Amino acid sequence: MTIFSLGRKAIINESSMEYDWIRRQVEEGFEKAEIINSILRCYGGDEEIAALFYSIAVGDSSPGVLLTHLSLCDWSPLQGEHMDSMDS
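Chains are numbered independently. Their residues run from 1 in the order of the written sequence. At least 70 in pLDDT is required for a residue's local features to be given in this predicted model, at least 80 for side-chain atom pairs to be given and counted, and no such filter applies to totals for whole chains, interfaces and linings, which use all residues. Excluding hydrogens and water, the side-chain values take into account all heavy atoms of the structure.

**Q** Would you mind going over helix 3 (residues 32-43) with me for this structure?
**A** Residues spaced three or four apart along an α-helix point in a common direction, a consequence of the helix completing one turn every 3.6 residues. To qualify as a helix, a DSSP run of H or I must reach at least 4 residues; to qualify as a strand, a run of E must reach at least 2; elements of each kind are numbered from the N terminus. Here a helix's expected span is defined as the number of its residues, less one, multiplied by 1.5 Å. Here helix 3 is 12 residues long and its end C-alpha atoms lie 16 Å apart, about the 16 Å a rise of 1.5 Å per residue gives. Along helix 3, the positions that sit buried rather than exposed are I35, I36, S38, I39 and Y43. Projected down its long axis, helix 3 carries its buried residues within an arc of 155°, all on one side. Turned more than 90 degrees from where helix 3 packs its buried face, A33 and R41 sit exposed. By definition in these notes, contact holds between two residues if any of their heavy atoms fall within 4.5 Å. Contact partners of the buried residues in helix 3: helix 2 (17-27) and helix 4 (47-57). Positive phi shows up at G44, right after helix 3, with a value of about 80°. Each residue is placed in one exposure class: buried if its accessible area under a 1.4 Å probe, protein chains only, is under 20% of its type's maximum, exposed if it is over 50%, and partly exposed if it falls in between. Starting at the helix axis, one direction is taken to each C-beta atom, and the arc is that of these directions.

Structure, rendered in structure tokens:
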């Protein structure tokens, strides 16, 4: 598994461009499996992390579920923060 590159700030912001990107793909008719593969290519992680990220974007889950899962995988909330700072 590669490290999931998004930081906590991006994960908790359900209006972030990362979630909007997923929602646009859904609207354009991409299959869930295709979107999950895109998440893996862009942000790393594993299929379970990508599926959780997808479920947050489509409103089926909350960011807390993903953050809890990531903490169990020894992910640091500071990983990816350099990407989040670009949004500031």
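Now that the structure is up, let's keep going.
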